[in-house]
Amino acid sequence: MLSKAVFLALSTYLLVVPANAALLSLPYTKCDQSSGCSTVKTGLILDGGSTGVGSTDYATSQVFAYGSNGIQLRAPISRSYLVNAAGNAHEMFKLKNRQISIDVNIAGVQCGYNAAFYFSQMSSTAAIGTGYCDAQNTCNEMDILEANAGASAGTMHACTATGGKCDPWGCGINTYNSYANNVGPGKTIDTTQTYTLTTAFYTDNGADSGTMNKITQTFTQSGKTFKITQDLTDSFCSSADSTYWSSTGGFPAFTKAFDSGMTMIFSFWGTGGTSMSWLDGAPSNTRCSSATGSNQVLQQQLLLLPLLPLPKQPLRQQQLKLQAQLKQQQQQQQQQLHPVDHVQRFMLNVVDRVSLALPAAKVLQLANITMLGTLNA
């Protein structure tokens, strides 16, 4: 297996963009109470860099097809973005009152590299593959995961406005610094094995219309659950990030960003050694020696759901359960059940003995995503 590889296992199809360039496919399934579920044929495009034009030159960027349903990144690359089904804009996600879960295996990610998956407030009118921004570059940024063998972190970076004052440090939690006895090689959540990370975004009124006021992260693995006990709240961030939090907008600024929509980004960066010491504490972090095999990470089965209790099953089993239930509901629909009734019954089954927390909650199942490699900002 080649070093520094990233694999995305995806359903195969081609999107045609205005320049007649074929995007690598990365679809997701969108579900809601009123219309059920449908597949959205989104795709990935590479950042255009200094050219100012999104790139589909995957070979030059060391991005290759992998089997019949994936892509392989053989070296650190620039960022890549999710593009809408029309192929003319980045897909935009509104995360308030939602939780996003992803299965992760970072056992092979060496210290000095960053496996990252995140969202930023890029302009909805930017040409695909262009318009990148983050909190180092004047827009709101939500890092769901930045990880390697030494550590993992989830961090929010607020900005007063796009182009305004931003928080370069961010308010977040690093498991190596704060939860070393709970998350790490051989710990409750063993980072040498696959685990599920779930990030939830709460509002003050429990509805999509509210102001975001809390972010939580929870790890699950082989029937074990560990919730980061310190939630990201205004009181915590005001103390932990006192230099920037109050002057860069905090949760109200993030609320506006989430209302406008965020772009999903994958990236793979780093030069090894101490280049990620801010994340992994290298060279003093002995966990760095736990990295095994090729420098790669596995990320798969990405789900975006309403705020509900976490699934008790591994994400793959949960996906299979969703698929089975959807098939059953389709059969029920053929028996002329009222369309709203059958979708509500589907939603109630999915959450496994709990009722919906949101009366009009939407469910987005970002399915068939498998990533082996390192990803960020």
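Computed from a predicted structure; not experimentally measured.

**Q** Just checking my understanding: could you explain the overall build of the chain for this structure?
**A** Secondary structure summary: the chain contains six helices and 24 strands in total. The buried share of the chain, reckoned over its 377 residues, is 56%. Counting only contacts in the chain whose residues sit at least 6 apart along the sequence, the fraction spanning at least 24 positions is 72%. For the chain, the accessible area works out to roughly 15300 Å², and carbon and sulfur atoms hold 50% of it.

**Q** What am I meant to see in the confidence of the model for the chain here?
**A** Interpretation of this model should avoid reading the predicted coordinates in detail wherever pLDDT is low. With 64% of its residues at a pLDDT of 70 or more, the chain shows a mean pLDDT of 75. Here residues 1-20 scores under 50 on pLDDT; set against residues more than four positions off or in separate chains, the count is 86 contacts. Considering only residues more than four positions removed or in separate chains, one finds that residues 309-316, a stretch of pLDDT under 50, has 17 contacts.

**Q** Sorry, what's going on with unusual backbone geometry here?
**A** Excluding glycine, residues mostly have negative phi values, and the peptide bonds linking residues are mostly trans. Note the cis peptide between Ala-282 and Pro-283, where omega equals 10°. Mapped onto the fold, Pro-283 is located in the loop between α4 (277-280) and β22 (298-306). You will see that Asn-97, though not glycine, has its phi angle at about 65°, which is positive. One can find Asn-97 in the loop between β10 (92-93) and β11 (98-105). Classification of Asn-97 as buried rests on a relative accessible area of 2%. Unusually for a residue other than glycine, Thr-138 sits at a positive phi of about 70°. Relative to the helices and strands, Thr-138 is located in the loop between β12 (113-120) and β13 (141-148).

**Q** Is there a simple way to think about the packing of aromatic side chains in this case?
**A** To describe a pair of aromatic rings, one takes the distance between the centres and the angle between the planes. Per the stated rule, a full pass over the model turns up 10 aromatic pairs. With 5.2 Å between their ring centres and 35° between their planes, Phe-254 and Phe-258 make a pair best called tilted. Here Phe-254 and its partner Phe-258 are both found in helix α3 (residues 250-260), four residues apart, which amounts to about one turn of the helix. According to the relative accessible area criterion, Phe-254 is buried, its value standing at 0%.

**Q** What exactly am I supposed to notice about the state of the cysteines here?
**A** In protein chemistry, a disulfide is the covalent bond that joins the sulfur atoms of two cysteines. Taken as a whole, this structure holds four disulfides when the rule is applied. Through a disulfide, Cys-133 is tied to Cys-139; the S-S separation comes to 2.1 Å. Taking the sign of the S-S torsion, about 95° here, the bridge from Cys-133 to Cys-139 comes out right-handed. Classification of Cys-133 by relative accessible area gives buried; the value is 8%. Given the relative accessible area of 0%, Cys-139 is considered buried. Sulfur-sulfur distance for the disulfide between Cys-159 and Cys-166 comes to 2.0 Å. Taking the sign of the torsion about the S-S bond as the criterion, the disulfide between Cys-159 and Cys-166, at about 110°, is right-handed. Here Cys-166 falls in the buried class, since its relative accessible area comes to 12%.

**Q** How do you make sense of the side chain of Asp-47 when you look at a structure like this?
**A** Position of Asp-47 relative to the elements: it lies in the loop between β6 (43-46) and β7 (63-66). A distance of 2.2 Å separates polar atoms of two side chains, one belonging to Asp-47 and the other to Tyr-81. When sequence neighbours within four positions are dropped, the list of residues in contact with Asp-47 reads Ser-55, Ser-78, Arg-79, Ser-80, Tyr-81, Gly-129 and Tyr-132.

Reading guide: rules and limits
- Residues numbered from 1 in each chain as written.
- Predicted model: local features only at pLDDT ≥ 70, side-chain atom pairs only at ≥ 80, totals over all residues.
- Heavy atoms only, no water.
- Helix = DSSP H or I, 4+ residues; strand = E, 2+ residues; numbered from the N terminus.
- Buried < 20%, exposed > 50% of the residue type's maximum accessible area, 1.4 Å probe, protein only.
- Contact = heavy atoms within 4.5 Å.
- Areas by Shrake-Rupley, 256 points an atom, 1.4 Å probe, with all protein chains shown as cover.
- pLDDT = per-residue confidence, 0-100.
- Phe/Tyr/Trp six-rings, centres within 6.5 Å; stacked < 30°, edge-to-face > 60°.
- Disulfide = S-S within 2.5 Å.
- Polar contact = N/O pair within 3.5 Å; in protein donor to acceptor, adjacent residues only side chain to side chain.

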